[in-house]
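Read off the chains here:
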Amino acid sequence: MLGVIVILLVLQTITVSSVPTIELSSTKSRPNLELPVEYHYHLFLSHIWSSGQDKAHKIVRMLQLLVPGIKIWVDVDELKDMKELEQAVTKCAIFVLFYSEGYFGSKNCRRELYEAIEEDKTIILVYEGDDRVLKKIKNECFLHCTEGPGPSKILDAIFSTGPVLWLGGSMQAFLMESVKLLCLKIFCHMPYYKKSSNLLDAGLRVGTELGALSNTSPLRILYSNANSGAHSIAAEIKEMPNKGHIFVEEVESILVQSDCAPEGYTEKVIFLLYLNDETFCDGEDLQEVMKFVLKQNISIALVYEQDISKGGCPFSSILEHTPKELLDPPYMIYKSIAVPIYSIPEYRRVSLNTLLYDMGGRQLLTLSSFKSTIRSIAMYLKEVME
């Protein structure tokens, strides 16, 4: 019993000391949060309460957790008098605008934004959704921002640093990448890194992010020529570092040779189905391919396009185009969760890593993953002891 207690104390010590934080990849150290004396806060987070309060608070919590010492002004916490709104903006080094529906229709949000532009603050736009949301932002701004600097100047200001797509409601790996992207934008405009921008060139890292993957055994990825876009994604997976032996083959070549499942393959076989607004819209070829694949008990990996310029669309549209035969038993092609694929390089890397992981890849053991395992053991022993 004494031995278990000692082990538990050691593991808890490791756990407490290994809380993940944002670090610079170049120095493996925490960021310098040096703040000019005229500012009281690093960030002013502007958002509309009615539609964005919960999500804005999640951003604050994630930043405070992963960037210890960062000071963020959030109106519901700090504001004592609405007359002090503009003064609060002045006290902050950077203005972060979290957009949700109705933002520009709010008089107080406009006051905050106008003051940020008047003070020539760095403005970072954070949004959820796709390019349609960016278009909505512009339309809403022109509709409501008829006073102050005017819509054209406002839009120039909020898009000047490049908008950050926030994936706060997605899986953990995407959330961590969102935090890193936002932090990188913030650090770029901090005084210390304005003088030493090269330190940010290698990007940021956080201990809990999905690390490099290794495919433990050979893998054959099948795709269909009737599924435009699938081949290019399969080729991207093949070119990933540490991916092991991956072969890419069109399934039609197997269909031509035989109506039976491929024989002689010793590697794991996966069929990659790419989903966008064109999937199942060009005749019945893909439908027949899917029936063949499923009859051979070949596993399916689903990848769902998010870029509207590449055919990204609501999943309901894909369901409408999918033949009913494939939705019902025995096929039921959407039993597994589709992995979203993005064009933004940082998110695309997460998408490809997730696909490879779903296909049987394993995460390489790193110090951070070792610490994560230790934390899990500590929590388990604590529960046993209690």
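Since the model is a prediction, treat every value here as computed from it, not as a measurement. All chains use their own residue numbering, which begins from 1 and follows the written sequence. Owing to the predicted nature of the model, reporting of local features is limited to residues with pLDDT of at least 70; listing and counting of side-chain atom pairs is limited to 80 or more, with chain, interface and lining totals taken over all residues. Water and hydrogen atoms play no part in the side-chain values, which are based on all heavy atoms of the structure.

Brief notes about the sheet that holds strand E2 (residues 41-46)
Then step 1. Here a strand pair is declared whenever DSSP counts at least two bridges between the two strands. Numbering of helices and strands runs from the N terminus; a helix is a DSSP stretch of H or I covering at least four residues, while a strand is a stretch of E covering at least two. In space, the 5 strands of this open sheet follow the order E3-E2-E4-E5-E6, with parallel pairing throughout. Of all the strands in the sheet, the pair left with one neighbour each is strand E3 (72-73) and strand E6 (164-165).
Then step 2. For strand E5 (residues 122-127) and E6, the ladder comprises 2 bridges, and the chain directions are parallel. Counterpart to tyrosine 127 in the pairing with E6 is leucine 165.
Then step 3. Contacts are assigned to residue pairs that have any heavy atoms within 4.5 Å of one another. Structural elements are reduced to axes, namely lines fitted to C-alpha atoms, with helices fitted over the stretch in contact, and the angle between N-to-C directions of any two is expressed from 0 to 180 degrees. Each of E2, E3, strand E4 (92-98) and E5 is contacted by helix H2 (residues 49-66), which is oriented at about 135° to E4, the strand it contacts most.

With respect to helix H8 (residues 172-188)
Then step 1. Helix length check: H8 (17 residues) gives 24 Å between terminal C-alpha atoms against 24 Å at 1.5 Å per residue, within 8%.
Then step 2. Only protein chains enter the accessibility calculation, which uses a 1.4 Å probe. A residue is then buried if its area is under 20% of the maximum for its type, exposed if over 50%, and partly exposed in between. Of all 17 residues in H8, 13 are buried; the element is thus mostly enclosed. One less than the number of residues in a helix, times 1.5 Å, gives the span that helix is expected to have.

As for the confidence of the model for the protein
Then step 1. Here pLDDT means the predictor's own confidence in every residue, given as a number from 0 to 100. Residue-level pLDDT values for the protein average 86, and 81% of them are 70 or greater.
Then step 2. Ignoring residues within four places in sequence, the model shows residues 4-17, a span with pLDDT below 50, making 17 contacts including any to other chains.
Then step 3. Low pLDDT (under 50) marks residues 364-386, which in the prediction has 29 contacts with non-local residues, meaning those over four places away or in another chain.

Brief notes about a negative patch on the surface
Then step 1. Nonpolar side chains (Val, Leu, Ile, Met, Phe, Trp, Tyr) are joined into patches within 5 Å and like charges within 9 Å, using only residues with over 30% relative accessible area and no salt bridge. The Shrake-Rupley method, run with a 1.4 Å probe, gives the accessible areas here. Residue values count only the displayed protein chains as cover. Salt bridge, as used here: a side-chain nitrogen of Lys or Arg that lies within 4 Å of a carboxyl oxygen of Asp or Glu. Charge assignment in this entry is limited to Lys and Arg as positive and Asp and Glu as negative, and neither His nor the chain termini are counted. For this purpose, a charge sits on NZ of Lys, CZ of Arg, CG of Asp or CD of Glu. A grouping of Asp277, Glu278, Asp282, Glu284 and Asp285 is seen on the molecular surface, where their side chains present a negatively charged patch.
Then step 2. With respect to the secondary-structure elements, glutamate 284 resides in the loop between strand E11 (268-275) and helix H12 (285-295).

Things to note about the pattern of salt bridges
Then step 1. If you walk through the whole model with that rule in mind, you get 14 salt bridges.
Then step 2. Its salt-bridge partner being glutamate 147, residue arginine 110 comes within 3.5 Å of it at the nearest N-O pair. Taken together, the positions of arginine 110 in helix H5 (residues 107-118) and glutamate 147 in the loop between helix H6 (131-144) and helix H7 (151-159) put the pair 37 residues apart, joining distant regions of the chain.
Then step 3. A salt bridge links aspartate 130 to arginine 132; the nearest nitrogen and oxygen atoms lie 2.5 Å apart.
Then step 4. Residue class for arginine 132 comes out partly exposed when judged on its relative accessible area of 44%.
Then step 5. Taken together, the shared-partner salt bridges connect Glu177, Lys180 and Arg349 into one network.

Topic: the nonpolar core
Then step 1. Phe104, Leu113 and Phe187 are the most contacted members of the largest nonpolar core, which has 73 residues in total.
Then step 2. No other element matches the 10 residues that H8 contributes to this core.
Then step 3. Nonpolar cores were defined as sets of buried Ala, Val, Leu, Ile, Met, Phe, Trp, Tyr and Cys residues, with membership established by side-chain atoms within 4.5 Å. Core analysis: the second largest hydrophobic core is formed by 24 residues, Val251, Ile254, Cys313 and Leu326 among them.

Some remarks on the side chain of threonine 21
Then step 1. With respect to the secondary-structure elements, threonine 21 resides in the loop between helix H1 (2-17) and strand E1 (22-24).
Then step 2. By relative accessible area, threonine 21 is classed as buried at 9%.
Then step 3. Any pair of N or O atoms that falls within 3.5 Å is considered a polar contact. Within protein, one atom must be able to donate a hydrogen and the other to accept it, and sequence-neighbouring residues count only if both atoms are side-chain atoms. There is a polar contact of 3.4 Å between the side chain of threonine 21 and the side chain of arginine 30.

Quick word on the sheet that holds E11
Then step 1. Reading across from one edge, E10-E9-E11-E12-E13 is the order of the 5 strands in this open sheet, with parallel pairing throughout. In the strand order of this sheet, the two ends are held by strand E10 (246-250) and strand E13 (339-341), each with one partner. Each neighbouring strand pair of the sheet contributes to a mean axis angle of 30°, computed without reference to strand direction.
Then step 2. Set on the sheet, H12 makes contact with E11 and strand E12 (299-305); between it and E11 the angle comes to about 150°.
Then step 3. Packing of helix H15 (residues 345-358) onto the sheet brings it into contact with strand E9 (219-223), E10, E11, E12 and E13, and relative to E13 it is tilted by some 150°.

Quick notes on H5
Then step 1. The terminal C-alpha atoms of H5, which comprises 12 residues, lie 16 Å apart, in line with the 16 Å expected from a rise of 1.5 Å per residue.
Then step 2. Here H5 has its buried residues at Cys109, Arg110, Glu112, Leu113, Tyr114, Glu115, Ala116 and Ile117.
Then step 3. After H5 finishes, the residue aspartate 120 shows a positive phi value of roughly 60°.

A closer look at unusual backbone geometry
Then step 1. With an omega of 10°, the peptide bond running from proline 329 to proline 330 counts as cis.
Then step 2. Its location among the elements puts proline 330 in the loop between helix H14 (324-327) and E13.
Then step 3. A positive phi is found at asparagine 297, a non-glycine position, where the angle reads about 60°.
Then step 4. Structurally, the position occupied by asparagine 297 is in the loop between H12 and E12.
Then step 5. Looking at asparagine 297, the relative accessible area reads 69%, which means it is exposed.
Then step 6. For methionine 332, which is not a glycine, the phi torsion comes out positive at approximately 45°.
Then step 7. Tracing the sequence through the fold places methionine 332 in the loop between H14 and E13.

What to know about the packing of aromatic side chains
Then step 1. When two rings of Phe, Tyr or Trp (its six-membered ring) have centres within 6.5 Å they constitute a pair, described as stacked for plane angles under 30 degrees, edge-to-face for angles over 60, and tilted for the intermediate range. What the rule picks out here adds up to 11 aromatic pairs.
Then step 2. Taken together, Phe44, Trp73 and Phe95 form an aromatic cluster joined through their ring pairs.
Then step 3. Over the face of the ring belonging to phenylalanine 159 we find lysine 138, whose NZ or CZ atom lies 5.2 Å from the ring centre. Note on criteria: charge over ring means Lys NZ or Arg CZ within 6 Å of the ring centre, with the direction from the centre no more than 35 degrees off the ring normal.

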